[in-house]
Amino acid sequence: MQILIREVTKTSDGRSEFRDREFDGDALTIGAAPDQSIQVIGHGVIGHHATLTKSRDGLNLRCERGAKVQIDEDAEVSRARLSVGNTIDIAGSRLTLFDAPAGFDAALTLEINTDVEASDFEAAFVTDLEQTWLGKRSPAWWLTLAVIALGLLIPWYLPRDSLPEFMSDALWSSGPLLPAHSVAIGNDCRACHKEPFRRVRDTECVSCHASMTDHASEPLLSEVGLAEIRCAACHKEHNEPIHMTITADALCTDCHGEPDWSHNQLAAVSGFGPMVHPSFAVDLLVAEPVARGTGFVYDWKPQTSFLDEAVDQSNLKYPHDVHLDVDKVQNLSTGEALDCHDCHTLSPDDEHFETITMERHCRSCHDLKFDRRAPDRELPHGDPAEVVLTMEGHYTRMYADPNAGKPDRDRRRLPGRSVDRDRCTDPIHICAQRRTAQEAENQFTKRGCVTCHEVTVHDSDDLLARYQVVPVRLTPDFFVVADFDHRAHLTQEGASGDAACRLCHGAEESTSSQDVLMPDVDQCTSCHSDHRSNQLIPLHCVDCHAFHPDAHYAGTSTGRGRSAIVATQRRQAE
Amino acid sequence: MFDNLLRFRNFRYFWWFLVTVVVGCLLYASHSSTEPPNGGTWQGYVLGTWAALLIVLLALLGFRKRSYRSRLGTTQGWTSAHVYLGIALWFLATLHCAAQFGWNVHTLAYALMCLVILSGLFGVYTYLNYPRRMTANRTGSNRSELFAELYELNREGADLARHCAADIQTAVLSSIERTAVGGSIPAQLTGRDGSRFETLENGAKRNTDQEAVIEYVSSRIPKAEKRAEVAYLQDLLAILCRRQAILRRLRQDVRFQGWLKAWLYVHVPVTAATVAALAVHIVTTFIYW
């Protein structure tokens, strides 16, 4: 669209001056702003006041919102169709359409009203942000509604499955879940938060953690008020760092620091260090003879004792000092002194040790040969009656053998011993029984079994019932209610391997297997403390003690773990 | 007045700020070791409630400022309290959440609050600096007087231009018409000059800071054909230079005033959003308790 604009100005002497210019564009803009095609300043003229566009037989006029113009000194309008002869009046400035010369689509005369107030002149400029599209009230409402809709209403009312995660109730999560929980329930908040505006109940926890044990058994649990404590009181989700187990000592010492003596008689523990943690009590096993049938059997009972009075009653004769003395015992392979790990093999849990057995740990040195003329024969281990029967069978065969009485040419006679010792002229079975009785007495009371075992000799004519070996059971766990990482302690300050073992377990000075080679609390507190310092390694209650006991010991008032508490009570009562 | 905003009644609200922050920190430090600090401990609840009440109190300042008839304290006192307690709010809210953040409605409330506080701090900076600079820039006049002066210069310039040749007439009259002050939001805030002018030879050209038209007229003086035209051109040049000086002041004035108000376009709407997000934060916390 090409428009001829003829500007008419009056000179001071009343003459009219004309200045022509061309407009070439789609829309001719009129307004107070300097970027308009025709700038008109005056009262009520806004920055972009009106627009002229081409129509079929003239021009179309369209005013901006709130703006109006006067056409042909008539009523004010906001839209009009203009043709030649029409005049537009905007605040005294006039635009008149006249016949367009050749080559133009339209032609206008423009008479600018120069009689303008200074204030109107100022109003022609946009000098305040309020005059722009910026606003406060409208964005405030929109933002408020958006926050409430996206943050509350949509996650609340729309089904979760129909929403992307960033619009679901996952938005309400105040922090990350424990990875295990995250894997188990995903982002399903309602797996735990069953009812709105109600705290998570224990039933939601135990629906998965069905085997979890309580800290104590009833009625103690209720008496001390633990039954009313919610799981979530200690296990808080949605926190950072992601850690659901409270490790602070206060969890324990709040109650155990000053135990309620009306409910139980636990020793007070206010932390870990000298004087604040009681001495250790060890869990031992004691074999008690119990009458059964015509004889008796041994029943193993738990017994807990403080270390200074503890006596190991495993019924095994094993002096550690002898076995660790290189002059007396050597490793068969290397010829050097035995190491701790020759017998004690750490279990995969790094706390306990593999069970020591005769077959695996003792037999390579302690064979069970009983007849030097039959060096390949060994007695069976573990059953005294079987031992007697084996010997009887052996001697019966020996006396039945016609060559049995002949001296062994390969062997030399021992000084002071008759080569005729095994000669017998009685019937074979009499000879065998006599010889068996001799050897059984030898094995059970002088050398052989009695070397390692306690043997009870009964006044019985029946050889099978005469000797009873007291059964052996090595204590598998001296501190049932405490955990300990042996591997972590295999390297200590200035010692590693066996030397580290001996720092705590004084095995080389132990002359009897009745010694309990367990260290007391002061051994631990020489390196550990419940507070952080440069000299000591921090150690918290839960590093050794579990709040939820193993299911095996939970709820058993006579269980072994329980016995430690009973022993503590006893000491405290004294 | 603006200095007094911070020094109001001998730093009264600074002490309020200090006490709030110190008590908040002590409360935070009292967290037991049984649980990491978070918004769900009793200390967290106290800090959160305190911060929420403070948000409501601070938002009320918006209403108090418009209620000039109120006798409940002075506007200046409220504003001073608003600034100091607004900064204290950031400490309280951060202690409340123990700096645990995530993509959730709770951090949304915190982020919006931070936006409000930051925009407010910028507002304080402008209130403390810009009025003084605006006064210096206006050299004793107000904005309307500057526009009135510009208007007069425009008239004089146009009259003089009409006595000159057509090329000067076109250039000067178009430069007066196409003079820009303010305009779009960026133009107001940066003082950018979008002025243009037209020449018979080359059509429309940029006329930033009126330099081009002044250059055009001054270069035309030696080529004047009549002595009288030289005199007109010299007068015209003087007027164009005076226009240039006033336009510079006006643009600077618009720029200062723009920044004095711009932060409010963030501060006010985001405050509303913060109050909404706070409500959502509280409700959703207890929906999934």
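Residues numbered from 1 in each chain as written. Chains lettered and ligands numbered in written order. Predicted model: local features only at pLDDT ≥ 70, side-chain atom pairs only at ≥ 80, totals over all residues. Heavy atoms only, no water.

Draft legend 1. Structural context of the domain arrangement of chain A. What the domain assignment reports for chain A is domain 1 (2-131), domain 2 (281-356 + 474-573) and domain 3 (362-406 + 421-469). Here the C-alpha centroids of domain 1 of chain A and domain 2 of chain A sit 105 Å apart. (Domains from an automatic or database assignment.)

Draft legend 2. Representation of the interface of chain A and chain B within the structure. In this complex, chain A contributes 61 residues to the contact, which on the side of chain B involves 57 residues. Around 5,100 Å² of area is buried between chain A and chain B when both sides are counted, 60% of it from carbon and sulfur atoms. A salt bridge links Glu130(A) to Lys261(B); its shortest N-O distance comes to 3.8 Å. Taken together, the connections running from chain A to chain B amount to 21 residue pairs in polar contact (both at pLDDT 80 or more). Counting residues per element, the side of chain A that touches chain B draws most heavily on helix H2 (residues 137-157) of chain A, at ten residues. Taken together, the residues that form the side of chain A that touches chain B break down as 26 nonpolar, 16 polar and 19 charged. (Contact = heavy atoms within 4.5 Å. Buried area = accessible area lost by both parts, 1.4 Å probe. Salt bridge = Lys/Arg side-chain N within 4 Å of Asp/Glu carboxyl O. Polar contact = N/O pair within 3.5 Å; in protein donor to acceptor, adjacent residues only side chain to side chain. Helix = DSSP H or I, 4+ residues; strand = E, 2+ residues; numbered from the N terminus. Nonpolar A, V, L, I, M, F, W, Y, C, P; charged D, E, K, R; others polar.)

Draft legend 3. Representation of the pattern of salt bridges in the model. All chains considered together, the criterion is met by 27 salt bridges over all chains. When the shortest N-O distance is used, the salt bridge between Arg251(B) and Asp193(B) registers 3.1 Å. One end of the pair, Arg251(B), is in helix H9 (residues 227-262); the other, Asp193(B), is in the loop between helix H7 (185-190) and strand E1 (196-199), with 58 residues separating them in the sequence. Asp193(B) matches Arg251(B) in its accessibility class, with the two residues each being buried. A single network of salt bridges, built from pairs that share partners, joins Glu195(A), Arg198(A), Arg201(A) and Glu204(A). (Buried < 20%, exposed > 50% of the residue type's maximum accessible area, 1.4 Å probe, protein only.)

Draft legend 4. A look at the packing of helix H6 (residues 166-177) of chain B against H9(B). Residues and elements named next belong to chain B. At their nearest, the axes of H6 and H9 sit 12 Å apart, and the two run at 20 degrees to each other. Considering their axes alone, H6 and H9 lie roughly parallel with respect to each other. Viewed along their axes, H6 and H9 form a crossing whose handedness is left-handed. Judged by residue contacts, Ile168, Val172, Ser175 and Ile176 of H6 engage Leu233, Leu236, Leu240 and Arg243 from H9. Partitioned by chemical class, the residues of the contact of H6 with H9 number six nonpolar, one polar and one charged. (Axes fitted to C-alpha atoms, helices over the stretch in contact; angles between N-to-C directions. Parallel < 35°, antiparallel > 145°, perpendicular 65-115°, else oblique. Left-handed = near helix turned anticlockwise from the far one by under 90°.)

Draft legend 5. Highlighting empty space enclosed by the protein. Residues and elements named next belong to chain A. Evaluation of the coordinates by the stated rule reveals one cavity of 30 Å³ or more. One number sums up the size of the largest cavity: a volume of about 50 Å³. Surrounding the largest cavity, Cys192, Lys194, Glu195, Arg198, Arg199, Val200, Arg201 and Glu204 form its lining. Here the lining of the largest cavity is composed, by residue class, of two nonpolar, no polar and six charged. (1 Å grid on protein atoms, 1.4 Å probe; cavity = no way out; pocket = protein on both sides within 12 Å on 5 of 7 lines; lining within 4 Å. Points joined across faces, edges and corners; volume = space filled by probe spheres on them.)

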